[in-house]
Structure formats: C-alpha cells, structure tokens
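# Structural characterization, general
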Amino acid sequence: MKNSFKNAVQALPDFLRAMLCLLPESVTKDVTEIRIRACRPLVLTAGEKTYFLSRTGVHSRLPSAPFVPSAGQLADCVAALCDYSVYSRQNEICEGFITLRGGSRAGVCGTAVIDGGRITNVKNISSVNLRIAHEIPDCSKSVLERVSPENGVLLCGAPCSGKTTVLRDMARVLSRGTRVSLIDSRGELAAVFRGEPQNDVGFCDVLDGYSRRDGFEIAVRCMSPEIVMCDEIGADDIPSILGAGLSGAAVIATAHCRGKDEFRKKEGMMKLIESGIFESVVFLGTDEHVGQVQNVVSAEELRA
C-alpha cells in the first residue's frame, strides 16, 4: 500500500480505516480521492477509474451492497479528521478544507452559516473529499529547463493539470539557492500542520493561511524575497502582484487557463503580461499528459 494512502487513511475513524487498509496496493497506489457522503456509497477515485467500497472489497461498478456511511458516521469522520477538536479547526472548515498530518487535505461541504457576508460556520456537513497528497520530486525539471524563474513565470492549465504539484516542486528546487516566500492561502502547497510543513517545499518562508493580498504585502515588506510564489491567482490578486513586481521580487504563480487563445481573452491576465510581471507563460497538459509541458509562450508573443 502506498505510504501517502496509508498516511491519509490514518486520520479516519477505526471502522473506516480498517476497511480501507484491507484494499490491495494495485488499487491504493493510484487513489487520489476518497469521497465520503452521508447516506451515499463511498467512492474512490484512481486516475480516470472510479471504485465503490463494500464490506468485501472494491468494485469498478456499483455493487449490490455498497458501503453507505450514515450521517452519524460522516460526523465521526469529520471529528477524527479534526483530531476530535472540531472547534479548533473551524477557520479551516469555513474555508472548505481540513489539513492533515502528512500533507493530505479533506474538502468539506455542508450548510454555510453567513454573518455579515462571511461564512462563520459550516453545519450539517454532508460530504467529505479526502484528497491524497502526491509529491513528485523533480516534476518541475522540464519547466525550469525552459524558463527564467527570475523573470517571472505563470503556470496555466485546466483543473487537475498538475499546476499545484509542479509549483510546489519549483518552490523546493528554487529555494535551495534563492530567497523564496511561499504564500499558501489554502494550505495546498506546504500543507502546514501545527507549524510544520508536511510537504517538501525546501527552504521557503511559508505564509500559511494568509490572503494573497496580505501575503504579498508582508512577504515583500518583511522577508526580502527574491521570488514570491502563490497558487491560483485571479483578477482580485492583480494589484498585489503588481506591487510585488514593483518591489523587485519575481513572481511565480498558477492560474486556470487551458491555452493561449483563452488566455488572451482574460483581461486581468493580459494586464499582468503588459506590465512585464511574467516573462513566460507555461501551459500544462491534462489526462495522460498531466504535469507535462504542452507549450511555453513568451509575454512578447502574447502581446503580439
């Protein structure tokens, strides 16, 4: 059984962990997600394959007697994932996730409690998606061979194209000889647990849980970075990124975008290209090409 799978399921309550630990390595080695929904069959995702759990093992098709967690069992899962201190993890839950020892994360869905336009609590949690941490050392090599990190790089791709995994490895490699500040707004890069990064991000200074706006400001003002890195930027982050660029720090980030034509339609992204923040835009593949460089486009080409 793959260690990352083992580590992740250790955070689950005994009744579920016992079932999952009996699964063959031929299945668990590729599992990326375990979806636990109240009163619905438990589902495992392994690449493009879907498996259903039953008392007798896993099945590629829905079995006649699948394992169906009750609402009470799902509540037990949430409590276990929070080390039986749900209140202490409330801020994370309001952001939609729980960070686990070892680097895995559990996404949570339920009924949002809104106060003053902000989510202040999530009650009646109905779904948990345990995402298995997968680090791939040196997966950024093909990117680093084709770009100049000190001149700014934007990694683009569709969801599940490996952007975060590649960015994390770039942080690990570049921080060996460069001052790197890593803004980890949602805990997906370093997966800090009780102050300690669970993922290998090298010698980065990690700003865990900071908004990108606050993270950029504090990094530039206090950490004297040569490179500032962050995940999944959007239009709201443009002023902060421009400010970091003006300070002299290079920016390496990721964004959702499938290709050059789609990129040119994004006014905010083109504003960053016009500003000179990013010299190179790297597009990653999907499906069997996850994490692989499909195309590298210069800022000059995008402006043309």
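Residues numbered from 1 in each chain as written. Predicted model: local features only at pLDDT ≥ 70, side-chain atom pairs only at ≥ 80, totals over all residues. Heavy atoms only, no water.

Looking now at the sheet that holds strand 3 (residues 49-54). Two orientations exist for strands paired in a sheet by backbone hydrogen bonds: parallel and antiparallel. Ordered in space as 4-3-2-1-7-6-5, the 7 strands form an open sheet in which the pairing is antiparallel. The open sheet is flanked by strand 4 (57-59) and strand 5 (97-99), the only strands paired with a single partner. The sheet shows a mean angle of 35 degrees between the axes of neighbouring strands, taken without regard to direction. Inspection of the sheet shows strand 2 (residues 43-46) paired to strand 3 by 4 bridges, in the antiparallel sense. Its bridge partner lying in strand 3, A46 is registered against K49. Strand contacts of helix 4 (residues 71-81): strand 1 (31-37), strand 5, strand 6 (105-115) and strand 7 (118-131), with the helix running at about 100 degrees to strand 7, the strand carrying the most contacts. (Pairing = 2+ DSSP bridges. Helix = DSSP H or I, 4+ residues; strand = E, 2+ residues; numbered from the N terminus. Axes fitted to C-alpha atoms, helices over the stretch in contact; angles between N-to-C directions. Contact = heavy atoms within 4.5 Å.)

To continue, consider the side chain of R105. Structurally, the position occupied by R105 is in strand 6. Buried charge R105 goes without a salt bridge, the closest partner of opposite sign being E188 at 4.0 Å. Setting aside anything within four residues of it in sequence, one finds R105 in contact with F97, I98, T99, N129, L130, R131, R186, G187 and E188. (Buried < 20%, exposed > 50% of the residue type's maximum accessible area, 1.4 Å probe, protein only. Lys, Arg positive; Asp, Glu negative; His and termini not counted. Salt bridge = Lys/Arg side-chain N within 4 Å of Asp/Glu carboxyl O.)

Attention now moves to the sheet that holds strand 12 (residues 205-208). Taken in spatial order, the 7 strands of this open sheet run 12-9-13-14-8-15-16, and their pairing is mixed. Lying at the two open borders of the sheet, with one neighbouring strand each, are strand 12 and strand 16 (293-298). Direction aside, neighbouring strands of the sheet carry axes that sit 20 degrees apart on average.

The next subject is the nonpolar core. The biggest cluster of nonpolar side chains holds 33 residues, and the ones touching the most others in it are L12, L16, L20, I34, I36, L44 and L53. Counting residues per element, this core draws most heavily on helix 4, at 4 residues. Those residues in contact with L12 that lie beyond four places of it in its chain are R17, L20, I36, C77, A80, L81 and L130. In terms of nonpolar packing, the next biggest core, distinct from the first, is built from 27 residues, I238, I241, V251 and C257 among them. (Core = buried A, V, L, I, M, F, W, Y, C linked by side-chain atoms within 4.5 Å.)

Let us look at the pairing of strand 8 (residues 153-157). Most of strand 8 is tucked away, with 5 of its 5 residues classed as buried. Of the two faces of strand 8, the one carrying V153, L155 and G157 and the one carrying L154 and C156 are both buried. Across 5 bridges, the pairing between strand 8 and strand 14 (residues 250-256) is parallel. Bridge assignment links L154 to a residue of strand 14, and that residue is A253. With 4 bridges connecting them, strand 8 and strand 15 (residues 280-284) associate as parallel partners. Opposite V153, over in strand 15, you have S280 as the bridge partner.

Glancing now at the side chain of S175. The topology assignment puts S175 in the loop between helix 7 (163-174) and strand 9 (180-184). A polar contact is formed between the side chain of S175 and the backbone oxygen of R172, at a distance of 3.2 Å. Sequence-distant contacts of S175, defined by excluding residues within four places in its chain, comprise V180, V201, G202, F203 and C204. (Polar contact = N/O pair within 3.5 Å; in protein donor to acceptor, adjacent residues only side chain to side chain.)

Turning our attention to the packing of helix 8 (residues 212-223) against helix 9 (residues 238-246). Relative orientation of the contacting elements helix 8 and helix 9 amounts to 10 degrees, with a least axis distance of 9 Å. In terms of axis orientation, helix 8 runs roughly parallel to helix 9. Of the two possible hands of crossing, helix 8 and helix 9 adopt the one that is left-handed. When helix 8 is examined against helix 9, the residues R212, R213, F216 and V220 are found in contact with a partner set consisting of S240, I241 and A244. In terms of residue class, the contact of helix 8 with helix 9 is made up of 4 nonpolar, 1 polar and 2 charged. (Parallel < 35°, antiparallel > 145°, perpendicular 65-115°, else oblique. Left-handed = near helix turned anticlockwise from the far one by under 90°. Nonpolar A, V, L, I, M, F, W, Y, C, P; charged D, E, K, R; others polar.)

Now for the packing of helix 9 against helix 11 (residues 267-275). Orientation of helix 9 relative to helix 11, taken along the N-to-C sense of each, is 10 degrees, at an axis distance of 11 Å. Between helix 9 and helix 11, the angle is such that the two are roughly parallel. Along its contact with helix 9, which presents I238, I241 and L242, the element helix 11 presents G268, K271, L272 and S275. Across the contact of helix 9 with helix 11, the residue classes tally to 4 nonpolar, 2 polar and 1 charged.

In this model, N124 sits at a positive phi of 50 degrees, which is unusual for a non-glycine residue. Within the secondary structure, N124 sits in strand 7. Under the relative-accessibility criterion, N124 is labelled exposed at 59%. One non-glycine residue with positive phi stands out, namely S224, at about 45 degrees. Mapped onto the fold, S224 is located in the loop between helix 8 and strand 13 (227-230). Residue class for S224 comes out partly exposed when judged on its relative accessible area of 44%.

For the structure on display, the rule yields 2 aromatic pairs. Between F263 and F283, the ring centres sit 6.4 Å apart and the planes meet at 90 degrees, which makes this aromatic pair edge-to-face. Taken as a pair, F263 in helix 10 (residues 260-264) and F283 in strand 15 lie far apart in primary sequence, 20 residues in all. For F283, a relative accessible area of 4% translates into the label buried. The positively charged end of R105 is found above the aromatic ring belonging to F97, 4.1 Å away from the centroid. (Phe/Tyr/Trp six-rings, centres within 6.5 Å; stacked < 30°, edge-to-face > 60°. Lys NZ or Arg CZ within 6 Å of the ring centre and 35° of its normal.)

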